[in-house]
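These are the residues of each chain, in order.
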Amino acid sequence: MNSQEIRQSFIDFFADRGHLHLPSAPLVPHGDPTLLFVNAGMVQFKDWFLGREKPRGPRAVTVQKCLRVSGKHNDLENVGPSPRHHTFFEMLGNFSFGDYFKEDAIRFGWELVTEGWGLKKEHLYATVYEEDDDAYDLWLKIAGLPESRVLRCGKADNFWAMGDTGPCGPCSEIFVDFHPDRPHVPWEEGTDSGRYLEIWNLVFMQFERDADGNMTPLPNPSIDTGAGLERVAAALERVESNYDTDLFQPILSAAADLSGTAYGRDAEPDVSLRVIGDHLRAVAFLLADGVIPAPDGRGYVLRRLLRRAVRHGMRIGLEEPFLHRLVPVLDDIMGAHYAELEKVREASIATIREEEEKYLSTRALGARRVQEAIDRVHADGRSELAGDEVFRLYDTYGLELETVREIAEEEQITLDEAGFEQVLEERRKRSRATTGELQKRLQSLHAALSSGEGEETETVFEGYDLGDASESRVLQVAAMNGDGAEAVDGLDAGRRGVVVLDRTSFYAESGGQVGDQGRLLWDGGRARVTDTQKDTSGIFFHFVTVEEGRLEPGQAVRPEVDAERRVHTERNHTGTHVLHAALRQVLGEGVRQAGSLVAPNRLRFDFTYSKPVTPEELRRIEEIANHWVLRAVPTDICWRGHKEAVEAGAMALFGEKYGERVRTVEIPGFSLELCGGCHVRNSGEIGPLFITAERGIASGVRRIEAVTGLGALELVRRRQELLEGIEAQLSVPAERAAGEAGSLKNKLKELERELAETRRKLVAGDTAAQEEIEVGGIRLVAREVPQAPTAELRNLADTLRDKLGSGVVVLAARDDEKVSVIATVSKDLTSRLSAGTLVKSLAEVVGGRGGGRPDFAQAGGREPDKLPQLLAAVPEIVGDQLGPA
């Protein structure tokens, strides 16, 4: 069986046995701040297992995309050397939510492995938790395995837990003997060598563990299983390594062809080819799920994986961008099952290529930056390159620590490697921390409120039409305490807090739209609502400041949303949909939303596109958007089945979680999107839409900012005032202002050039010859020059040195606060004199530090009044370097 047949057979087997087939969740977990990426099949069902959401059915089957690059599930360093480890992999899983338990789970697993996939019974083993007698007996009964092939293992191997507290239970694993033709070996030896390989893990969730470690049986035990497709494919295709399966071989062969090598010939190139094959899959699926290269968070992980693949390509001779050329090969292997790969293929290719080109150029630039950093160390009189500077070279320019160390050693500079490791760890922590900060805060609020009195239930939102708002009841109240909160029995006037209502007309921030503001009113009191947020369980948190009276649980209140602010937000939200549709018309269907912000005063839309949008394209986008505004088309907003909406062409936002029924917002004939936000009833209500900015924010991702309605009119007014001011300053009409400004700019550049040339002539003219002296037979010029940029001072010094032919030049410039010193020595004298040593001594005279190379060095000081003493000291210091004649 090949990988496609294995994948489909798994789905079909469980679908035939009453399991609901659900698609893979995106790699980015929805509303779960504890995870950077989805790393197991059960992640999308976490709320089902915990009882936060009602399961859509008692049984489910999935093939889940997974990524393990962080935390305890981090396989990155093993990828390449190991034949079994991956960053990206597919997890085959079947699940029971309080339906069947151990007996059916074991029976299903055994039937599929032996009858469906044809693995021989005598080649299989099972493991159980050492205290799980039920599972042990079931394997003997159902599979007919001898006791010698059902092994009891400890908690480390065969007991699963969702966390320190919560659902947990024993697990059972199915192993296959990859070499049944060889003599039997002990279990530990066989598992360590990879001969006995686990292909399926059955988790029996049957306990709830509390903070004290006590385990209570769950009322509805559940099943969570996971089988790695790559391992199953290796077993069924009868190959030694996962990388020998049809999931990888076409990629490895294509990469080998590009590099002029062959997979399986030499061990070292094989490691690099495996890294390239694995990381290509991870990068492509991350891009398909809306992750973009970035300096932190998930985007940072994507960028590091991509760069690691490029570095391994360089090891096998691939010095030019190559990874993007392998994307079509991956599509051929996996595109039939994962349609998202094909949808974003061109955008992914463009993004990967851009990242490759940028990385290769930064590596070349990085070598120069190392030298510059070392020059600064010399100039400051230090002997060690700081850890944060080493990290910048490593992170920004992709230079391995070994490369930086080699260059530094040549210059007799050491590296602060401990400091580097500290900064690296801080970056990793920040990367983890940047993910889900808001949800962590909301979960903290949820926990605080749960500890107090009052009901805990999902908030009913009834605020799409503000005229329908009804009275609400306060369920819970918390007082804000710094960044945290604590449940309280009430809030008095002047206090800040968080309020949960049973129903609300306040929209909670989501889908890019900011949360509503307004007031809560009750007899004898009022509170100002400054923000509205919600957590993944659907509870709305109203952030309030009590202005009058006392606010308590059980109280009846009247929510009053700031209607004017809401209307402005609605204009911008519908404007975002219009802009999205116009972008796709002008730039192509490959354009995909990558983020948005919808506020009352502006809108921001991030989208995937590989190059800057031209001014002409921006004008066309703006024209199309305003055309649909002027048509004043009634919007069609309704609820419908998710499948029906997608089949109708509704665009969904990657990473968002949708239920069986979804809300769609349509401008008939132009735009149809899944959206739970607030919108105008007619496109004409948007008002004029003006694009204010367009720029790139990451590889393959652009950002457009725009204003609508009154914000657009305000923009026109400000621009008119600005233009009138320019007319007045230039004394020309508006149509001539641009030309006049350009003319003045050119005149300024010419004057700056003439000033620089005048300074050069002043320094390098005949007066320089009059200041020339000899020290030990060497010609020397040391003088003060007018303050100028460092590059210009260097050019002046080079001019004087060239005029001398052979000699030493020292130039110094000062302002009210500092001194700048440049020293240059002709090449024929560097064996006797060092510019670096010279400026170190001179810098001490003016209270500074300096250093550099033997032929060129620079220094700075903080005592400009001592510049005459510095110049007077030059001959003596040069003489000391030369020694006795």
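Keep in mind that this is a model prediction, so the values were computed, not measured. (Residues numbered from 1 in each chain as written. Predicted model: local features only at pLDDT ≥ 70, side-chain atom pairs only at ≥ 80, totals over all residues. Heavy atoms only, no water.)

Some points on the overall build of the protein
Along the backbone of the protein there are 26 helices and 37 strands. Dimensions of the protein, computed from the C-alpha atoms along their principal axes, are close to 105 × 80 × 55 Å. Counting all 885 residues of the protein, 52% fall into the buried class. Of the contacts made within the protein by residues no fewer than 6 positions apart, 68% connect residues no fewer than 24 positions apart. Accessible surface, the protein as shown: approximately 39800 Å² in total, 47% of it carbon and sulfur. Taking the 108 positively charged and 146 negatively charged side chains of the protein as two groups, their mean positions are separated by 3 Å. (Helix = DSSP H or I, 4+ residues; strand = E, 2+ residues; numbered from the N terminus. Buried < 20%, exposed > 50% of the residue type's maximum accessible area, 1.4 Å probe, protein only. Contact = heavy atoms within 4.5 Å. Areas by Shrake-Rupley, 256 points an atom, 1.4 Å probe, with all protein chains shown as cover. Lys, Arg positive; Asp, Glu negative; His and termini not counted. Charge placed at Lys NZ, Arg CZ, Asp CG, Glu CD.)

Some details on the nonpolar core
In this structure, Trp117, Trp139, Trp200, Leu323 and Leu326 are the most contacted members of the largest nonpolar core, which totals 95 residues. For this core, the leading source of residues is helix α9 (residues 267-288), giving ten residues. Among all residues touching Trp200, those that are not within four sequence positions of it are Phe10, Phe14, Asn94, Gly109, Leu112, Val113, Ser172, Glu173, Ile174, Thr225, Gly226 and Ala227. By size, the runner-up hydrophobic cluster in this structure holds 28 residues, among which are Val808, Leu833, Leu842 and Ala859. (Core = buried A, V, L, I, M, F, W, Y, C linked by side-chain atoms within 4.5 Å.)

Considerations on the pattern of salt bridges
On inspection of all chains with the given rule, the structure shows 50 salt bridges. The shortest N-O distance in the salt bridge between Arg566 and Asp516 comes to 2.7 Å. Residue Arg566 is found in helix α18 (residues 563-587), and its partner Asp516 is found in the loop between β19 (503-504) and β20 (518-522); the two are separated by 50 residues along the sequence. For Arg526, the salt bridge goes to Glu547, with nearest N and O atoms at 3.1 Å. Linking Arg526 in strand β21 (residues 525-534) with Glu547 in strand β22 (residues 540-548), this pair joins segments that are 21 residues apart in sequence. Look at Glu547 and you get partly exposed, because its relative accessible area is 34%. (Salt bridge = Lys/Arg side-chain N within 4 Å of Asp/Glu carboxyl O.)

Brief notes about the packing of aromatic side chains
Two aromatic rings are characterised by how far apart their centres lie and by the angle between their planes. Tallied over the entire structure, the rule returns 32 aromatic pairs. When the ring of Phe45 is compared with that of Phe95, the centres are 4.7 Å apart and the planes differ by 55 degrees; the resulting orientation is tilted. Here Phe45 is found in the loop between β1 (20-21) and α2 (46-50), whereas its partner Phe95 is found in strand β5 (residues 88-96), with 50 residues between them in sequence. Residue classification places Phe95 among the buried residues on the basis of a relative accessible area of 0%. Aromatic ring contacts, followed pair by pair, group Phe10, Phe13, Phe14, Tyr100, Phe108, Trp117 and Trp200 into a single cluster. Here the basic side chain of Arg17 rests over the ring of Phe13, its NZ or CZ set 3.6 Å away from the ring centre. (Phe/Tyr/Trp six-rings, centres within 6.5 Å; stacked < 30°, edge-to-face > 60°. Lys NZ or Arg CZ within 6 Å of the ring centre and 35° of its normal.)

Some words on the pairing of strand β35 (residues 819-825)
Of all seven residues in β35, seven are buried, a share of seventy percent or more. Going residue by residue along β35, you find Val819, Val821, Ala823 and Val825 tucked away on one face and Ser820, Ile822 and Thr824 tucked away on the opposite face as well. As paired elements, strand β34 (residues 808-814) and β35 share seven bridges and run antiparallel to each other. Note that in β35 the partner of Val809 across the bridge is Thr824. Linkage of β34 to β35, two consecutive antiparallel strands, is achieved through a turn of four residues. When β35 meets strand β37 (residues 856-861), the two strands line up antiparallel, connected through six bridges. Within β37, the position partnered with Ile822 by the bridge is Gln858. (Pairing = 2+ DSSP bridges.)

Some details on the environment of Gly776
With respect to the element layout, Gly776 can be found in the loop between β32 (773-775) and β33 (778-784). Since its relative accessible area comes to 63%, Gly776 is described here as exposed. With 412 residues separating them in the primary sequence, Gly776 and Ala364 have C-alpha atoms 42 Å apart. Among all residues touching Gly776, those that are not within four sequence positions of it are Arg832 and Leu882.

A closer look at unusual backbone geometry
The phi angle at Arg238 is positive, at roughly 60 degrees, despite the residue not being glycine. What makes Arg238 exposed here is its relative accessible area of 75%. Located in the positive-phi region is Ser731, a residue other than glycine, with phi close to 60 degrees. For Ser731, the location among the structural elements is in the loop between α21 (709-730) and α22 (734-764). Under the relative-accessibility criterion, Ser731 is labelled exposed at 65%.

What to know about the packing of helix α1 (residues 3-15) against helix α7 (residues 229-237)
Taken N-terminus to C-terminus, the directions of α1 and α7 make an angle of 115 degrees; their axes are 10 Å apart at the nearest point. For the pair α1 and α7, the crossing hand works out as right-handed. Of the residues in α7, those touching α1 at Ser3, Ile6 and Arg7 are Leu229, Val232, Ala233, Leu236 and Glu237. (Axes fitted to C-alpha atoms, helices over the stretch in contact; angles between N-to-C directions. Left-handed = near helix turned anticlockwise from the far one by under 90°.)

Thoughts on the side chain of Asn158
Of note, Asn158 is situated in helix α5 (residues 155-158). For Asn158, the side chain forms a polar contact with the side chain of Thr127, separated by 3.0 Å. Once residues lying within four places of it in the same chain are set aside, the contact partners of Asn158 are Thr127, Val128, Tyr129, Cys153, Pro170, Cys171, Ser172 and Glu173. (Polar contact = N/O pair within 3.5 Å; in protein donor to acceptor, adjacent residues only side chain to side chain.)

Let's talk about the sheet that holds strand β29 (residues 671-674)
With antiparallel pairing, three strands are arranged side by side in an open sheet as β27-β28-β29. On the outer flanks of this sheet lie β27 (636-641) and β29, each paired with one strand and no other. With direction set aside, neighbouring strand axes in the sheet form an average angle of 25 degrees. The pairing of strand β28 (residues 661-667) with β29 spans four bridges and is classified as antiparallel. Paired with Thr664 across the strands is Leu674, a residue of β29.

Concerning the sheet that holds β37
Overall, mixed pairing links the six strands, which are arranged β32-β33-β34-β35-β37-β36 in an open sheet. The strands lining the two open edges of the sheet, one partner per strand, are β32 and β36 (849-852). Looking at each pair of strands side by side, their axes are set apart by 20 degrees on average, direction ignored. Alignment of β36 against β37, held across four bridges, turns out to be antiparallel. The residue bridging Arg849 from the neighbouring strand is Gly860, located in β37. Lying on the sheet, helix α24 (residues 790-804) is in contact with β33, β34, β35 and β37; it crosses β34 at an angle near 150 degrees. Across the sheet, helix α26 (residues 867-882) is in contact with β32, β33, β34 and β35; its angle to β33 comes to roughly 160 degrees.

A look at α1
Taking 1.5 Å of rise per residue, 13 residues should cover 18 Å, and α1 covers 18 Å from first to last C-alpha, within 8% of that figure. For α1, the complete set of buried residues consists of Ser3, Ile6, Arg7, Ser9, Phe10, Ile11, Phe13 and Phe14. The N-cap of α1, judged by a side-chain oxygen 3.1 Å from the amide nitrogen of Gln4 a few residues on, is Asn2. (Expected span 1.5 Å × (residues − 1).)

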